[in-house]
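# Architecture at a glance
Listed below are the residues making up each chain.
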Amino acid sequence: MALVSVEKKNHILLIGLNRPEKMNAMNREMYHQIAAAYYQLENDPELRVGLMYAEGDHFTSGLQLDDWAGVFANGKGIEPNEGELDPFHITGQALSKPVVFAAQGICFTCGVEMMLNTDVRVAAKGARFAQLEVKRGIFACGGATIRLQREIGWGNAQRYLLTGDEWTADQAYQWGLIQELVELGEQFNVALEIAEKIAKAAPLGVQGSLKSSKIAVTEGQEAAKERLFPDLQPVMASEDVKEGIQSFLERREAVFQGK
C-alpha cells in the first residue's frame, strides 16, 4: 500500500499521508512520495490547488529519525529526486500553485514544517503541534527555523523551537498559524470547501496573487512592487479576464480555463 494516497478531484490534487498504523511517521519513502505528488501538482495543467491531509487519528508524529540520521549527517540535507518537488521548499523551486492543509491529532516536527510551506491551514479542535528536535539532539531542519517566526512572531517561535514544548490548536488559531479551527472530523471537509473555491477562481489570478505575495515575503516589498505590473500584464491579456468581465455583465458565475 502506498504511504501517500494521491487522487485528482476535478482541479484539486488530494495528497493524503497514509501510514496511520505508525501515526503517519515520515520515513524517506513517504517523503519521496509526497515530493512526487507536489511535482504532479506543479506540472499538471489541469490541477489548480492541492489539499494535504492525513488518514487516521493523527496528522504525523514526525520524522522516523532512525531512517533519516544518515541524511542529516551528509551536510546537504533532504534532496528530492528527479520528478519530485520538495514539499518543505528547502531545496529546488517553489510551488506556484496553492496548497490547503488539514490537520488533526498530533502534528509534530515535519508536519509543522510542511504546514508552514502551505497557504491556508485548517485544524481540528484538540490538535497539538510541536518542534521536538531539541529533545532529540538536533534542531529543526525542514524550514521551521526559517518560517515559524514570520508566522507567529519571534518570541512565540523561540519559546517552542528552543524547548520542544507543544502548543495547542487554540493557540495556533489565536496566532493566525491556522485560519480555520473546526470540530474533529470536519477538518478535511472544510479544507476541501476552501480548495474548491480556489479551484473555481481564475487560475492565472490565483497564481499571480500567490507569486506576488511570496516575492514580498522572500525578496521584500520593493521587489514585489517592481514585479507587480509586469507580472500582471500577461494576465490582463488572458481569455480568463474576458470571461471575468463578461460573467460580471451577465450576472453569472465565471468559468475559467486558465488561459
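Everything below is about the structure printed above this text.
These remarks concern the structure in this document. Going along each chain's sequence as written, the residues are numbered from 1 onward. Note on the predicted model: pLDDT of at least 70 is required for a residue's local features to be given, and 80 or more for side-chain atom pairs to be given and counted; whole-chain, interface and lining totals, by contrast, use all residues. Just so you know, side-chain values use all the structure's heavy atoms and leave hydrogens and water out.

## Some remarks on the sheet that holds strand β8 (residues 166–168)
Two strands pair under a simple rule: DSSP has to find at least two bridges between them. Helix numbers and strand numbers start at the N terminus; a helix is a DSSP run of H or I with at least 4 residues, a strand a run of E with at least 2. Read from one edge to the other, the open sheet built from three strands follows the order β5-β7-β8, with strand pairing classed as mixed. The open sheet has two edge strands with one neighbour each: β5 (106–108) and β8. Adjacent strand axes in the sheet meet at a mean angle of 25° when their direction is disregarded. The pairing of strand β7 (residues 128–130) with β8 spans three bridges and is classified as antiparallel. To obtain each axis, a line is fitted to C-alpha atoms, and for helices this fit is confined to the stretch in contact; angles are then taken between N-to-C directions over 0 to 180 degrees.

## Some words on the packing of aromatic side chains
Each aromatic pair joins two rings of Phe, Tyr and Trp (for Trp, the six-membered one) with centres within 6.5 Å, and gets the label stacked for planes under 30 degrees apart, edge-to-face for over 60, and tilted for any other angle. Inspection of the entire model under this criterion finds seven aromatic pairs. Here Y160 and W175 contribute two aromatic rings whose centre-to-centre distance is 5.7 Å and whose plane-to-plane angle is 55°, an arrangement assigned as tilted. Of this pair, Y160 sits in helix α5 (residues 154–161) while W175 sits in helix α6 (residues 169–175), placing them 15 residues apart in sequence. By relative accessible area, Y160 is classed as buried at 8%. A simple rule labels every residue: compare its accessible area, found with a 1.4 Å probe on the protein chains alone, to the largest value its type can have, and call it buried under 20%, exposed over 50%, or partly exposed in between. With a relative accessible area of 22%, W175 lands in the partly exposed category. Clustering of aromatic rings is evident, with ring pairs tying together F129, Y160, W167 and W175. We call a charge positioned above a ring when the Lys NZ or Arg CZ atom is no farther than 6 Å from the ring centre and deviates by at most 35 degrees from the ring normal. Its guanidinium or amino end placed over the ring of Y160, R159 lies 4.8 Å from that ring's centre, counting from NZ or CZ. One residue, R251, lies across the ring of F248, its end atom 5.0 Å from the ring centre.

## With respect to helix α9 (residues 221–236)
A helix is expected to span 1.5 Å multiplied by its residue count minus one. In this model α9 runs 22 Å from its N-terminal to its C-terminal C-alpha over 16 residues, within 8% of the 22 Å that 1.5 Å per residue would give. R227 marks the point of greatest bend in α9, at about 35°, and the proline P230 comes within the next four residues. Inspection of α9 places A223, A224 and V235 among the buried residues, and these make up the whole buried set. On its buried face, α9 is in contact with α8 (203–218) and α10 (239–249). Bend angle per residue: angle between axes fitted to the 7 residues ending at that residue and the 7 residues starting there. Two residues qualify as a contact provided that any one of their heavy atoms is within 4.5 Å of a heavy atom in the partner residue.

## Section: the side chain of K97
Mapped onto the elements of the fold, K97 is located in the loop between α2 (65–72) and β4 (99–103). The side chain of K97 sits in the buried core without any salt bridge; E42 is the nearest counter-charge, 6.0 Å away. Polar contact is defined as a pair of N or O atoms within 3.5 Å, subject to the rule that within protein one atom must be able to donate a hydrogen and the other to accept it, and that residues adjacent in sequence are counted only when both atoms are side-chain atoms. Within the structure, K97 has its side chain in polar contact with the backbone oxygen of L41 (distance 2.9 Å). A polar contact is formed between the side chain of K97 and the backbone oxygen of E42, at a distance of 3.5 Å. Discounting chain neighbours no more than four positions away, the residues touching K97 are L41, E42, D44, P45, L47, R48, D119, Q207 and L210. Positive: Lys, Arg. Negative: Asp, Glu. His and the chain ends are not part of the count. Each reported salt bridge corresponds to a side-chain nitrogen of Lys or Arg within 4 Å of a carboxyl oxygen of Asp or Glu.

## Re the side chain of T60
As for its placement among the helices and strands, T60 is situated in the loop between β3 (49–54) and α2. Residue T60 is classed as buried on the basis of its relative accessible area of 1%. A distance of 3.0 Å separates a polar side-chain atom of T60 from the backbone nitrogen of G62.

## Here we look at the layout of surface pockets
The method works on a 1 Å grid over the protein atoms by themselves. A cavity is a set of points holding a 1.4 Å probe that cannot get out, a pocket is an open set with protein on both sides within 12 Å along at least five of seven lines, and residues with an atom within 4 Å of a point line them. Grid points are joined across faces, edges and corners, and a volume is the space filled by probe spheres set on the points. Computed from the structure, the largest pocket encloses a volume of approximately 680 Å³. What lines the largest pocket is a set of 26 residues, and nearest its centre among them are D119, R150, L210, S213 and K214. Contributing to the lining of the second largest pocket are 17 residues, with L204, G208, D231, L232 and V235 lying nearest its centre. Elements that contribute at least two residues to the lining of the second largest pocket include exactly α8, α9 and α10. Sorting elements by how many residues they give to the lining of the second largest pocket places α8 first, with seven residues. For the lining of the second largest pocket, the class distribution of residues is eight nonpolar, six polar and three charged. Each residue receives one of three labels: charged for Asp, Glu, Lys and Arg, nonpolar for Ala, Val, Leu, Ile, Met, Phe, Trp, Tyr, Cys and Pro, and polar for the others, Gly being one of them.

## Here we look at the sheet that holds β3
On the basis of which strands lie adjacent, the open sheet formed by six strands has the order β1-β2-β3-β4-β6-β9 and mixed pairing. The two strands at the open ends of the sheet, each matched to only one other strand, are β1 (4–9) and β9 (180–182). Taking each pair of neighbouring strands and ignoring which way they run, the sheet shows an average axis angle of 15°. Relative to β3, strand β2 (residues 12–17) runs parallel, the two being bridged by six bridges.

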